[in-house]
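Spelled out, the chains give:
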Amino acid sequence: MTFGQIAGFGVMILMVGIVLWRAVLRAGRQTDAANGYERAMRVYRDQLAEIDRDLARGVLVEDEAERTKLEVQRRILELDRTARGDLQGAASGSRIAVLGVVAVALLGAVGVYWSVGVPNYPDMPLVQRHAEAQEARANRPRQAELEASYAEAFPGPFDFPGRDDLEPMVQQLREALVTRPEDMNGFRLLAQNEVRLGNFRAAIEAQLRVIELSDDRVPVEDLAYLLDLMALATGGIVSPEQESVIERILRSDPEHPIALYYSGRLYAQTGRPDLTFRLWRRLHDVSEPDAPWLEEIRAALPELAQISGAPRYQLPPPPSARGPSAADIEAAEDMTPEQRQEMIAGMVDGMLSRLANEGGPPQDWAQLLRAMGVLERREQALAILGEARTIFAADAAALKIINDAARDAGLTDE
């Protein structure tokens, strides 16, 4: 909101406040007038009663009493006439005040809408918006057209250290694969290096050959890599061809993060941010802490929630580094020490770093202790056990979790 819009709101609120204040003052005067009328009427009624008592006691003769009563009654009529006029004036003032408030509110609303709204924009019911989004999705450009537009906007080649050495090696690989058309690993390597050189179409063609050579046993990750290459070639715009790859991935893995990410982008680009919100909300829950899309979707989710009719949505904390699961540890028990080290060490080190910097629940400390036991890192495990016991010294339930894990890992206090 601009400074001018804020100032406009302030002026409107001030005007409404002035009108309401004047209405309150008029209402107060109206109350005072009504109270004065009642007091005067009580005095006159008491006077009439007193005249009747004086007449009964013989203090006043009948003619004098009648004249006095007529005078009091005349005053009552005059008071009634004056009071009625005052009350009508006050009521009229109140009505004017109410009408003033309504007029100010209406004028203010019109002014605000004229400054921030779109006066000539027609109403767009939800069904119509969804229909237009479906039409935009059906009529969007194809992959080849998007690739051509992106290549024109960002012509290559991409310069980077080592390019001069890489180009002749890639050329040799291309020539070798002409005589080895069934070499899947060769085409996989070619795709990876063509994209490094910025040759997106060549990288896509090489990856398509990898998928073709897989027959019906295409690994999902090969499809995901193809999707990444196609999106790179179009500058992130999701084409119908990419959508087909997305659907193929999701049939095999409904929670695949790369497919969820690009599917969300597709709906955002074709007028369905509500569907983007649903998909990216799921994506956030299944993403690794170092996922390249995490920063983007965390920045977008709050606004997408507002657009999608979920104003109470609270962005969860970012996913933290996860330690090895119980299944990972169980599988590691059947491996050689070298294999266990390769499988678990990376996860353990990541978890160690997170717990040292951010802390975590007792379950995470227990999981780390069990993993340390599998890795036979006893001294380090004992140090972690001592630290965990210090942190959770006042929490009996947490200490039980920690001590049970230490026992499972074969640790003792030394």
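Here, residues in each chain are numbered from 1, in the same order as that chain's written sequence. Local features are withheld for residues below a pLDDT of 70 in this predicted model, meaning they are given only at 70 or higher, and side-chain atom pairs are given and counted only at 80 or more; totals for whole chains, interfaces and linings count all residues. Processing note: side-chain calculations cover all non-hydrogen atoms of the structure and skip hydrogens and water entirely.

In the nomenclature of an unreviewed UniProt entry, the protein chain corresponds to Cytochrome c-type biogenesis protein CcmH from the organism Roseibaca calidilacus.

> Please clarify how the overall build of the protein chain should be interpreted in this entry.
Only DSSP runs of H or I with at least four residues qualify as helices, and only runs of E with at least two residues qualify as strands; both kinds are numbered from the N terminus onward. The helix and strand tally for the protein chain stands at 17 helices and zero strands. A burial count over the protein chain gives 34% of its 414 residues as buried. Within the protein chain, contacts between residues at least 6 apart in sequence are counted, and of these 60% link residues at least 24 apart. Entry remark: accessible area of the protein chain is about 25,400 Å², with carbon and sulfur atoms responsible for 57%. Accessibility here uses a 1.4 Å probe with only protein chains present; expressed as a share of the type maximum, an area under 20% marks a residue as buried, one over 50% as exposed, and anything in between as partly exposed. Contacts are residue-level and defined by heavy atoms, with any inter-residue pair within 4.5 Å sufficient. For the area figures, the Shrake-Rupley method with a 1.4 Å probe applies, and any residue is considered shielded solely by the protein chains shown.

> What should I look at first to understand the packing of helix α16 (residues 378–391) against helix α17 (residues 396–408) in this one?
Angle between the axes and distance between the axes are the two parameters that describe a pair of packed helices. Between α16 and α17, the shortest axis-to-axis distance is 9 Å and the interhelical angle comes to 165 degrees. Classified by the interaxial angle, the pair formed by α16 and α17 is roughly antiparallel. Along this stretch, α16 crosses α17, giving a crossing that reads as left-handed. From α16, Leu385, Ala388 and Arg389 reach across to α17, where they touch Leu399, Ile402, Asn403 and Ala406. Classifying every residue of the contact of α16 with α17 by side-chain character gives five nonpolar, one polar and one charged. Note on geometry: axes are C-alpha line fits, over the in-contact stretch for helices, and angles between N-to-C directions span 0 to 180 degrees. Every angle not falling under 35 degrees, over 145, or within 65 to 115 is termed oblique; those three ranges are roughly parallel, roughly antiparallel and roughly perpendicular. Note on convention: the crossing is left-handed when the near helix lies turned anticlockwise from the far helix by less than a right angle, right-handed when the turn is clockwise. Each residue receives one of three labels: charged for Asp, Glu, Lys and Arg, nonpolar for Ala, Val, Leu, Ile, Met, Phe, Trp, Tyr, Cys and Pro, and polar for the others, Gly being one of them.

> Mind showing me how you'd approach helix α5 (residues 163–178) here?
Side chains of residues three or four places apart in an α-helix project in the same direction, reflecting 3.6 residues per turn. Between the first and last residue of a helix there are one fewer steps than residues, each counted as 1.5 Å, and that sum is the expected span. In this model, α5 (16 residues) spans 23 Å end to end at C-alpha, consistent with the 22 Å of a helix rising 1.5 Å per residue. Of the positions making up α5, those classed as buried are Arg163, Leu166, Val170, Leu173 and Leu177. Viewed along the axis of α5, the buried residues span an arc of 80 degrees, placing them on a single side of the element. α5 presents Asp164, Asp165, Gln172 and Val178 as exposed residues on the side facing more than 90 degrees away from its buried surface. Contacts from the buried residues of α5 go to α6 (184–196). What the arc covers is the set of directions going from the helix axis to the C-beta atoms.

> Sorry if this is basic, but what is going on with helix α9 (residues 240–252) here?
With 13 residues, α9 extends 19 Å from end C-alpha to end C-alpha; this agrees with the ideal 18 Å at 1.5 Å per step. Regarding α9, the residues found buried are Pro240, Gln242, Glu243, Val245, Ile246 and Ile249.

> How should I be thinking about the packing of helix α4 (residues 143–153) against helix α7 (residues 200–213) in this particular structure?
The N-to-C vectors of α4 and α7 enclose an angle of 145 degrees; their axes lie 11 Å apart at closest approach. Mapping the contact onto sequence places Gln143, Glu147 and Tyr150 in α4 and Phe200, Arg201 and Ile204 in α7. Of the residues that constitute the contact of α4 with α7, the class distribution is three nonpolar, one polar and two charged.

> What is the right way to read the nonpolar core from this model?
Soluble globular proteins tend to bury their nonpolar side chains together. Here the nonpolar core consists of buried residues drawn from Ala, Val, Leu, Ile, Met, Phe, Trp, Tyr and Cys, with membership extended through side-chain atoms lying within 4.5 Å. Of all hydrophobic cores here, the largest spans 38 residues; its most connected members are Tyr262 and Trp280. Mapped onto this core, the elements with two or more residues apiece are α7, α8 (220–233), α9, α10 (257–269), α11 (273–286) and α12 (294–307). Top contributing element to this core by residue count: α8, with eight residues. Excluding residues within four positions of it along the chain, Trp280 makes contact with Leu260, Tyr261, Gly264, Arg265, Glu296, Ile297, Ala300, Leu301 and Leu304. In terms of nonpolar packing, the next biggest core, distinct from the first, is built from 22 residues, Val348, Ala371, Ile402 and Leu411 among them.

> Help me understand the pattern of salt bridges in this model?
Close approach of charged atoms lets side chains of opposite charge pair. We count a salt bridge whenever a side-chain nitrogen from Lys or Arg sits within 4 Å of a carboxyl oxygen from Asp or Glu. Throughout the structure, instances matching the rule amount to 17 salt bridges. Put simply, Arg180 and Asp183 hold a salt bridge, and the shortest N to O gap is 3.2 Å. Taking the relative accessible area as the measure of exposure, Arg180 reaches 40% and is therefore partly exposed. A relative accessible area of 22% means that Asp183 is categorised as partly exposed. The salt bridge involving Asp404 is made with Arg407; its shortest N-O contact spans 2.8 Å. Taken together, the residues span about one helical turn, with Asp404 and Arg407 both in helix α17 at a distance of three residues. The network of salt bridges with shared partners includes Arg137, Arg140 and Glu243.

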